[in-house]
Amino acid sequence: MESKYNYFKRDISWLSFNYRVLLEALDERLPLYERINFISIYSSNLEEFYKIRVADHKAVASGATESDEETVQSARELVEEINKEVTRQLDDRVRIYEQKILPALRKNHIIFYQDNHVEPFHQQFIKDFFREEIFPYLQPVPVSKDKIVSFLRDNRLYLAIRVYPKKEEENKGEETKENIEKYTGECINERNVTDFRQPLYFVMKQPYAKVPRFIELPSREKNHYLMFTEDIIKANLNLIFPGYDVDSSYCIKISRDADILIDDSASSADLVAQLKKKVKKRKIGDVCRFVYDRAMPSEFLDFLVDAFRIQRDELVPGDKHLNLEDLRHLPNPNKSLHSLEKPKPMKLTVLDEKESIFNYVAKKDLLLYYPYHSFEHFIHFLYEAVHNPETREIMVTQYRVAENSAVINTLIAAAQNGKKVTVFVELKARFDEENNLATAEMMQAAGIKIIYSIPGLKVHAKVALIRRRGLNGEKIPSYAYISTGNFNEKTATLYADCGLFTCRKEIVADLYNLFRTLQGKEDPKFTTLLVARFNLIPELNRLIDCEISLADEGKQGRIILKMNALQDPAMIDRLYEASEHGVQIDLIVRGICCLIPGQSYSRNIRVTRIVDSFLEHARIWYFGNDGSPKVFMGSPDWMRRNLYRRIEAITPVLAPDLCDSLIEMLDIQLADNQKACWVDDKLQNIFKKRTPGTPAVRAQYTFYDWLNKKDN
């Protein structure tokens, strides 16, 4: 049955989010290099988007794969719509970079050359640097339409170059003719070749493995100078092509399909073998995007398209400098430029390293907010389990962990200390497959029991369980930990998440049942935890129904949902329905939001998006419940994949003071008038304006200050 409601397209909504990331580069209140970093993040996000999402649509559009969600025609139309929106955003990205960032650098005495033109006092340096540091690593490769062309590597920058043979004496014409035929594959007449010189084309991979992307040139007076390596190369192309006139050169790059299609029904051993084999092929996937300098003449582009057999729907125009994700490495020669003073992780005085976290949590639940609180508290929690003689078993899920992870090292220490350690490793965590395989094999070698991915499912829950028993067999508290973020000490300094420690028997028992389910040992029954694919959807429907009933009775129905993404049509329909009954709904959705506000059926729904220093990553759900709020936190977004095709864990927050703390955070985020936007019915990011007489609220910093006062 066709729905009476409408939805934003998932990928177009995501592009709206990424555009919001780009807008941070306009915020002159931020330190300059922080603004530059947001351009880098925007570019990196877009690269991954093409390698996964657009690659999937192109596979459907070409008939290579089938989809239940789109037809060949709709996939083609969506790819066209995506490319059109990305091209529109490029205009703004170029404008921000050229009209805002570069002048701001100049104002701070950093001259960032953007083309071949350099000051006379740098010209000799550039020639010498090119000869000594760059030239030995360059290898131009001829390109011909009718011959085998070189393979363009994924996400590598190439310089496409067009040259003409120099005009020579008539007696040297035959040699020139042979060169033309050799490199173009075209036969020419016996006429004097100097009358009509045929162009020759080359591609040349930029040697960034050997030379940095950005070169610092000698300073002069107060000014510092930077230059792209490719611009140094362009300025010296005549040295690479003696005997030719260099006509022009432009940057190009290829993005390749990075998705890994595996047999989800395979056994663990087969899955490991598949991943090891297919991860290696990620760099040679099908082309999903050919990015080129949009200043390139059409006949130049046409030649490359034909030679590299590029499809027209794979063409995405770019600026003269591509791969701007590299801007995160831009040198800062002006040491007077300050970096952003981000909130520093707090260590709770009640959790001093000399104190026992076990003893604290045995008395009351504990909720930590990362990165405002130090992730070292969780490491300390594991460390205490390692050395506690009453610890019988440590059980953890692994989705994405840091390289050289302190969490993994502590688990290995536990196994070596005689503890039973069980780790569920999700091998299908995209772009972390190799790291997860390597850490799993390392843990296995140390005696840790490893459980690999469940066939047909991803396990996205972020949970840990410390099972204990007294030395004489008596029952003593075990400990559960449920988080919105991964067990990754590096991202815990960048992502805004929260984690709950508890000894509540009902949660501990449910979590133990969840781990047994992951091992295929039990038909699960959960009394308190909400677990996707088991009791999550029925409970969400019941909670929404309760708010609808309250609104129908003339009471206040109230829902606040904070998450990364909202896409599942069934749950969006429930929110539309609740809105029609008068339930007041606030959504704090960082990324994809397919719900359309501002419609007759969504008139009581508001969508807020926050982009700031830290990546908002927590999933927190509030249901008013007639003045006795119910608050939940855990791992899932409201995406189809999370609700129906993954194992996710959500816990109710049962301690009243911790409930109040989460509600305070939600209230502060809704009051943000510095970094928050409304998302309107056209997917525009409308910045919330500060009302005269009201305080400035920058949610991440305001909440940090609130926590600091509360905890100390």
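For the structure itself, consult the block above.
Let us look at the structure shown here. Keep in mind it's a predicted model, so treat the numbers as computed, not measured.

On to the packing of aromatic side chains. Counted by the stated rule, this structure contains 38 aromatic pairs. For the pair Phe112 and Phe228, a centre-to-centre distance of 4.8 Å together with 20° between the ring planes defines the contact as stacked. Residue Phe112 is located in strand S1 (residues 110-113), and its partner Phe228 is located in strand S6 (residues 223-228); the two are separated by 116 residues in the primary sequence. Residue classification places Phe112 among the buried residues on the basis of a relative accessible area of 6%. Here Phe228 falls in the buried class, since its relative accessible area comes to 0%.

Quick look at the layout of surface pockets now. Looking at the second largest pocket, its volume works out to about 480 Å³. If you go around the second largest pocket, you meet 15 residues; those closest to its centre are Arg468, Lys475, Ile476, Ser478 and Val508. For the lining of the second largest pocket, the element with the most residues is helix H14 (residues 505-518), which contributes 4 residues. When the residues that make up the lining of the second largest pocket are grouped by side-chain class, the tally is 6 nonpolar, 1 polar and 8 charged.

With that settled, the discussion passes to the state of the cysteines. Applying the stated criterion across every chain yields a total of 0 disulfides. Cys546 carries a free sulfur, and the closest cysteine sulfur to it, the one in Cys659, is 15 Å from it. Sulfur of Cys659: no disulfide; nearest cysteine sulfur belongs to Cys498 and is 12 Å away. Taking relative accessible area as the criterion, Cys659 reaches 9% and is therefore assigned buried.

The next thing to look at is unusual backbone geometry. The omega torsion of the bond from Tyr370 to Pro371 falls at 5°, within 30 degrees of zero and hence cis. As for its position among the elements, Pro371 is in the loop between strand S10 (366-370) and helix H11 (376-387). At Asn625, a residue that is not glycine, the phi angle is positive and equals roughly 55°. Mapping Asn625 onto the fold places it in the loop between strand S23 (619-623) and strand S24 (630-634). Phi at Leu683 takes a positive value of approximately 65°, unusual for a residue other than glycine. Relative to the helices and strands, Leu683 is located in the loop between strand S27 (676-679) and strand S28 (685-687). The buried category is assigned to Leu683, whose relative accessible area is 13%.

Parameters at a glance
- Residues numbered from 1 in each chain as written.
- Predicted model: local features only at pLDDT ≥ 70, side-chain atom pairs only at ≥ 80, totals over all residues.
- Heavy atoms only, no water.
- Phe/Tyr/Trp six-rings, centres within 6.5 Å; stacked < 30°, edge-to-face > 60°.
- Helix = DSSP H or I, 4+ residues; strand = E, 2+ residues; numbered from the N terminus.
- Buried < 20%, exposed > 50% of the residue type's maximum accessible area, 1.4 Å probe, protein only.
- 1 Å grid on protein atoms, 1.4 Å probe; cavity = no way out; pocket = protein on both sides within 12 Å on 5 of 7 lines; lining within 4 Å.
- Points joined across faces, edges and corners; volume = space filled by probe spheres on them.
- Nonpolar A, V, L, I, M, F, W, Y, C, P; charged D, E, K, R; others polar.
- Disulfide = S-S within 2.5 Å.

Read these as geometric descriptors, not functional statements.
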